[in-house]
Structure formats: structure tokens, C-alpha cells
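Analysis of the macromolecular model
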Amino acid sequence: MASAPTQFAYRTLKTIGIVDAYPKYSDLAGFEKPEGNTRCCTYSPCGKWFAWSTPEDVKISATDSGAIHTTLPADNVHEIGFSPQGSYIITWQRPTKQEDGNASKNLKVWQTDTAEHVVAFVQKSQTGWNLQYTHDEKYCARAVSNVIQFYESPKMNTVWGHLRVEGVSDFALSPGKNYSVAAFVPERKGQPAMVKVYQIPNWNTVLSQKSFYKADRVQLKWNDLGTALLVFAQTDADKTGKSYYGETNLYLMTVAGNYDCRVQLDKEGPIHDVSWSTDSKEFGVVYGFMPAKTTIFDSRANIVHQLPSGPRNTILFSPHARFVLVAGFGNLQGQIDVYDRQAGMRKITTIESSNPSICEWSPDGRHILTATTSPRLRVDNGVMMWYYTGELMYKSDMEELYHVCWRPQRGIPLPNPLPPAPTPHTSALSHVATSTPKKATGAYRPPHARGSETPLHFKREDEGGAAHIYANGFGNKNRRREVPGAAPLVPGAVPLVPGAAPGGGVSLAGTGAGADEESGLSKTALKNKKKREAAKKAKLEAEAAEREGRGKSLSLPVAPRSTSRNGQQNGRGRSKSRPPKDAPTGPKKMLQQQQDEGQDDKKVRGLLKKLRAIEELKQRLAKGEKLEDTQLKKIKTEDGVKGELEALGEIFVRRMEEKEGFLV
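Owing to the predicted nature of the structure, the values given are computational and were not obtained by experimental measurement.

Calculation criteria
- Numbering of residues starts from 1 in each chain and follows the order in which that chain's sequence is written.
- Only residues with pLDDT of 70 or above have their local features reported here, since the model is predicted, and side-chain atom pairs are shown and tallied only from 80 upward, although totals for entire chains, interfaces and linings are computed over all residues.
- Computation of side-chain values: all heavy atoms of the structure, hydrogens and water removed.
- Note on terminology: a nonpolar core comprises buried Ala, Val, Leu, Ile, Met, Phe, Trp, Tyr and Cys residues joined through side-chain atoms within 4.5 Å.
- Relative accessible area decides the class of each residue, using a 1.4 Å probe on protein chains only: under 20% of the type maximum gives buried, over 50% gives exposed, and in between gives partly exposed.
- Note on conventions: DSSP H or I runs of at least 4 residues are helices, E runs of at least 2 residues are strands, and numbering of each starts at the N terminus.
- Note on contacts: a residue pair is in contact if any heavy atoms of the two residues lie within 4.5 Å.
- In the analysis that follows, any N or O atom pair within 3.5 Å is treated as a polar contact, provided that within protein one partner can donate a hydrogen and the other can accept it, and provided that, for residues neighboring in sequence, both atoms belong to side chains.
- The term salt bridge refers to a pairing of a side-chain nitrogen on Lys or Arg with a carboxyl oxygen on Asp or Glu at a separation within 4 Å.
- For two strands to pair, DSSP has to find at least two bridges joining them.
- Here an axis means a line fitted to C-alpha atoms, over the contact stretch when the element is a helix, while the angle between two N-to-C directions is reported on a 0 to 180 degree scale.
- Any Phe, Tyr or Trp ring, taking Trp's six-membered ring, that has another such ring centre within 6.5 Å forms a pair; planes under 30 degrees apart are called stacked, those over 60 apart edge-to-face, and the others tilted.

1. Structural notes on the nonpolar core
The biggest cluster of nonpolar side chains holds 33 residues, and the ones touching the most others in it are Phe 8, Ile 336, Leu 369, Val 383, Met 385 and Val 404. Taken together, the elements giving at least two residues each to this core come down to β1 (7-12), β29 (323-327), β30 (335-340), β32 (358-361), β33 (367-372), β34 (382-387), β35 (392-397) and β36 (401-406). When near neighbours in sequence (up to four residues on either side) are disregarded, Leu 369 contacts Phe 8, Ile 358, Cys 359, Glu 360, Val 383, Met 384, Met 385, Val 404 and Trp 406. By size, the runner-up hydrophobic cluster in this structure holds 17 residues, among which are Phe 212, Val 231, Ala 233 and Met 253.

See below:
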């Protein structure tokens, strides 16, 4: 008897649909697509039921026929879940208050067949809202303050057992046949975080426990047999500064309590993804700064396979554990590598998908579904289906796609040997025929470097380049920066100081000493620089003169007197005069004069600025424009400003005469 075709469901902005996948690739005949605002949809874990919510109620249909089976009288439902065998359906609504002020019971449990209401609870948080069931639905559990409450599924009106764990923030029931529960307590008051595993209902006996630091939250990942547990620990912040997203660590625990360890990862960086193999014998980890490494471990955390490094952050095992998928999604390119575990992890193909946000193996273990959904991307939304060898089988474009999921189906055999890829659907053939292959552009290269080999220090680690060492969130500070095209540093040679000459000393490159530095200065900066140099030189000369002529009078040459128009010498009566004892002489006077010149220059610039402003105001007044009182007063100050400029001009002329005559 042929097995039923695989099936997937989708939810868009305006409708919900169910599609029979390989080999039909058509809508489910008996399912009428609901129109309007739909909030959520999901399959039951057994694959028998499909439910979706509307603003008025929740509808449940049979997945084989598509016909509506029951309707739940629950409005504005935001979350839907099923028990493992589909006997119970759980709904969650936003928390509200009743008329008496008490919180309404917004978490409700119903009988799937009869739509009978079973029990209701108060559940404020949407995170971890759902009940957790054992594999046979005998027990279910939910967490409240410092307690995990257990119920017998047929008798949910009363609590069957209490597991008291002080500070518990998360828990996970084992999916195996042995009833076990793992509880997590985060760090507090200097005490380490802890994960404990208990046997149900022996609450006082701890089967296994592991304590560790650096864990604000965890993901508890059981293998399918329920014999081992992976603890993916994360912190909100990285105190070392190496990552914006906190620190991550991975721990392995066994239910028997005979083995636990921290999984040793040989590359620095965050853990991107962790996944158990469906046969519960191995698990895979993608970790490290990009390009990330992917390693397969056995049940004792021993390395089994190491895959090539690359821009990857996702790992998924196929339902039959034959293949493993390693991909890079999110801000990565969307490439999907498929490996065959039975052939020694031989790489089968690399699929070039387009910005997917969802990627899942089909229940038959031969197809891969990828989807681009909103709100991450609001364009190019749709579903694509690939064969494990890389061929595109089906494509459907949709407007504002929000959710896609496979119908759970167990017992679909995997043919051996595997057949080649079947004939694709017409949608895939038309897409391949019309789409143009993307040209591999790679990184930008300047024109002079095109056509030549990429230097090693520009290559990624997976392309043959050297591994990048991270320190405090940045590159290694002790590592010397290499300039592209420059000659490599000779081993043992002392690196030159920037700007130094090759043989040591100061570089005199340019047109004259210091010309290369002065070329970048403005006129004002260059003028101030010359003043500082002259003042420094005058100070040094003064100090030298005082050392040489200590105890003697300082003699300076006197310039000849200027001759007047009538032929008489004009010394203005000051050639034979002596300066006061406290007056500066020689180089000291030159220094004082330079400082006075700087102050006078500032005054001149300010006065000229005032004259320009007064001239503008006079022009505006001549045009008939109405001016403020303050502006009219400013115009009246024109004569005073000009007088100050004339006075400064006389000072400037006198100072020039003193410089020319070397008057003291």
C-alpha cells in the first residue's frame, strides 16, 4: 500500500492553505481556505488534526479530507497547541481582568474530538505558555512560582504531584518512555546555575545534576530516546567584550547520572546551533566566529566528524538520520550543504536558496522545504521545495507569508538505494527557465588588483587564509598590520617608526626641511607657527647672552640715524637716551613686541569686521529697509571705529620704525 503524500500548510495575510506535496503538488481537495484575519495555525504531533484560529473561534479539520471536524468557542486565540497523540488541544488568549478584578483564566484545555472544555489556568506570559506532556499523554506539567505542577490528563481539575525547586525558571519533560523531567535554576546571589533531572514521581531523588556559571537562560534539548540531555546555556551580556550577544556554553548530561561534561569546542566564538540526530546517537554543533565550524559528536561528546568551515549557522538531521543539512541563514547568503552520513559525511550538493527564514526536512527524508516569510522580508515571499541532491522541485509565490509547517508523518520508509530526482513540478521548471543564474561577483577589488591572486591576509579562514584572533571584541592588538603590496618585514628586523628615515633619524622628505609638514597648514596656522619659532629663538638668544655677559652690560649695535629732508640727522632725540631699569631690552624686548603685535592684529580684525557690518546696515537703510534701534546705534559708531583703526595704524608705523632703527 502506498503511503499518503507529504503535506504542508501555510498562513498568509489573507488566507490559510493546505498543499499535498510530492508527488501531487496541489491544494488539498476538501479543504476550504478561510478568508480574513487568521492569527495562528498548527498540526497536531500525530498528524491527524489541523487547527487555526479566527477572531470568533478555533476550527479543527481532518488532515486527510480537509473537512472541518469541530469548532471551539474561544475568541481571539493567539496560540494553539496539541498533546502528543492529539487527544487534547490547548489555546492561549491574551490575559485580561474580570469585573471583580481577578485575572481571567486564559489558558484552556479542550477535548479535540468533542470540543468539550476540560480545565483552565491563569497564564500571563506568552513565553513557555503551553503544557508539556509525556509521550503517552499520561501526565502533563506546568511551572508556577518555585513549583512544577503535575496533572493526570484525565483528571486535570486537581494537582497530582508537586516538584518543588526553589527559583526554577524553565523545565522540560523527557520524550522517552521513562518519565523524567529536567529543571533549570539560573544564577543568583553568587550561586552557580544548576540543572537537575528527576524521575517522575520520585521527587526527592535527583538522577543527575550539573552546576555551572554564565547561564542566564538555557535551552534544554532531550534526545528522542530520553536518555541524554544537552544544556545550551546563554548569558545576556559578554563581560569579556568579545560578543554583543552574550556568552554561550554547551553541557551534556545523561539521565543515568554516570556521565556529564562540558562539550569542548576548539574555536572561539558563539554557539550558533545545536541539534540531536534522530537516532539519538550523535549531535551536531555549529560554533565559532565566522567562518564557523561544524562538528558531529557522539553520545559521550567525542568528535566523530568535523565538516569544513564556512558561513553557516544552522544544522538539521533528516528524519531517518541518513542526511545532515548545514546552512547559513539570517544575515548569511542562504547556502545549504547536504552531507551523507552513510558515505562517511560525503558532501552531496550545495543548494543556493534565496533569503530563507524557514528550512525543514520533509517527513519522507528526501525533500527540503525553504520559505521566505514576513515580517523579516516583505518581498519575494513564498515556498520552495528541493530534492536532497539539489534540484528544485516546486515553487509557489505568496503575498505576506507568515508561517509554513510540514504535517508530521511517521513510518514513511526511505528507499534503498535512493532513486534519482523525479520530474519537477511545472512551477519549478518555469522558474528555472526564466531565472538568470547569478554571477559570482565576490568582494570588490580595485582595478589594479583585478586578475591577480588574492593575498593571504585578505582571505577567509575557510579559503586558506590565516585564522583571525579575537581579543576583547577586536582584532589582536599585538599583530602587526600588513599593508597590501608592501614588502614583508624581514624576520628579526626592528619595525620603523612612521615618518622616520630608513637609516634612522628624522625624515627630510619634501622641498626643504619641514616642507612636507608646512604644506598642509593654513596661512594663519603657518603665521602663528613662525611667530612661535621666532619667540623661541629670541628666548634662547637671551639666555645665551645672559650666560656670556653675566655681570657686564649688554651692548647692541645702534643703527645710523635717519636723515631729514633738510640734511639734518633725525634721531627724534632718543638715540642717546637710556631705557628705564625695568624696561625690557634686547631679545626680551623683541619677544614683548611680538606678543603685542598678536594682540593688535586681533583688534584690527575685530574692527574691520565691525566696519563691514556697519557698511551692510547702511546699504539696507539706503534701500528703505526698516532697522532695529540697536542696528541704528551701531551705524552711529562708525566714526569711533575708524578712529581706533587710525590709532592702531600709528602704533604700527612707530613699531616698524623702531624695528628698522634697532632702537632701544
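2. Regarding the environment of Ser 427
Mapped onto the elements, Ser 427 comes out in helix α1 (residues 426-434). For Ser 427, a relative accessible area of 18% puts it in the buried group. For the pair Ser 427 and Met 384, spaced 43 residues apart in sequence, the C-alpha separation works out to 9.8 Å. In contact with Ser 427, other than residues within four places in its own chain, are Tyr 394 and Lys 395. A polar contact is formed between the side chain of Ser 427 and the side chain of His 425, at a distance of 2.8 Å.

3. As for the pattern of salt bridges
Taken as a whole and judged by the stated rule, the model has 17 salt bridges. With its nearest N and O atoms 3.5 Å apart, the salt bridge here joins Lys 59 to Asp 57. With relative accessibility at 22%, the residue Lys 59 sits in the partly exposed group. Accessibility expressed as a relative area gives 16% for Asp 57, which makes it buried. Connected through salt bridges with shared partners, the residues Asp 279, Glu 282 and Arg 341 form a single ionic network.

4. Brief notes about the sheet that holds strand β25 (residues 282-287)
With antiparallel pairing, the four strands of this open sheet are ordered in space as β24-β25-β26-β27. Among the strands making up the open sheet, the edge pair consists of β24 (271-276) and β27 (303-310). Within the sheet, the average angular offset between the axes of one strand and its neighbour, ignoring direction, is 15°. Here β25 pairs with strand β26 (residues 292-298) via six bridges, running antiparallel. Bridge pairing links Tyr 287 to Lys 293 in β26.

5. A word on the pairing of β29
Within a regular beta strand, the side chains point alternately toward one face of the sheet and then the other, so they alternate between its two faces. The buried fraction of β29 is high, at five of five residues. Residues of β29 alternate between two faces, with Phe 323, Leu 325 and Ala 327 on one and Val 324 and Val 326 on the opposite face, all of them buried. Taken together, the four bridges between strand β28 (residues 314-317) and β29 define a ladder with antiparallel strand orientation. If you follow Ile 315 over to β29, its bridge partner there is Val 326. Adjacent in sequence and paired antiparallel, β28 and β29 are bridged by five residues, among which Ala 321 carries a positive phi angle near 65°. Two elements, β29 and β30, share five bridges in a ladder whose sense is antiparallel. What sits directly across from Val 324, in β30, is Tyr 339.

6. Some details on the packing of aromatic side chains
Counted according to the given criterion, the structure contains 19 aromatic pairs. An angle of 80° between the planes, with centres 6.2 Å apart, marks the rings of Phe 31 and Phe 50 as edge-to-face. Of this pair, Phe 31 sits in the loop between β3 (26-27) and β4 (41-43) while Phe 50 sits in strand β5 (residues 49-53), and the two are 19 residues apart along the sequence. Among the residues examined, Phe 50 registers a relative accessible area of 0% and is labelled buried. On the basis of an interplanar angle of 25° and a centroid distance of 4.3 Å, the ring pair of Tyr 139 and Trp 160 is categorised as stacked. Within this pair, whereas Tyr 139 is found in strand β13 (residues 139-144), its partner Trp 160 is found in the loop between β14 (147-152) and β15 (161-164), the two being separated by 21 residues in sequence.

7. A word on unusual backbone geometry
Note the cis peptide between Ile 200 and Pro 201, where omega equals 5°. Considering the arrangement of structural elements, one finds Pro 201 in the loop between β18 (193-199) and β19 (202-212). A positive phi angle, close to 65°, is found at Ala 301, a residue other than glycine. According to the relative accessible area criterion, Ala 301 is buried, its value standing at 16%.

8. Considerations on the sheet that holds β13
Here four strands make up an open sheet; going across it, the order is β12-β13-β14-β15 and the pairing antiparallel. The open sheet has two edge strands, β12 (132-133) and β15, and neither has a second partner. Relative to β14, β13 runs antiparallel, the two being bridged by six bridges. In the sheet register, Cys 140 faces β14, and the bridge partner there is Tyr 151.

9. Let's talk about the pairing of strand β31 (residues 346-352)
Looking at chain direction, β30 and β31 are connected through six bridges and run antiparallel. Pairing of Val 338 across the sheet is with Thr 349, part of β31. In this antiparallel pair of consecutive strands, β30 and β31, the connection spans five residues, and Gly 344 shows a positive phi of 70°.

Shape descriptors only; they carry no functional weight alone.
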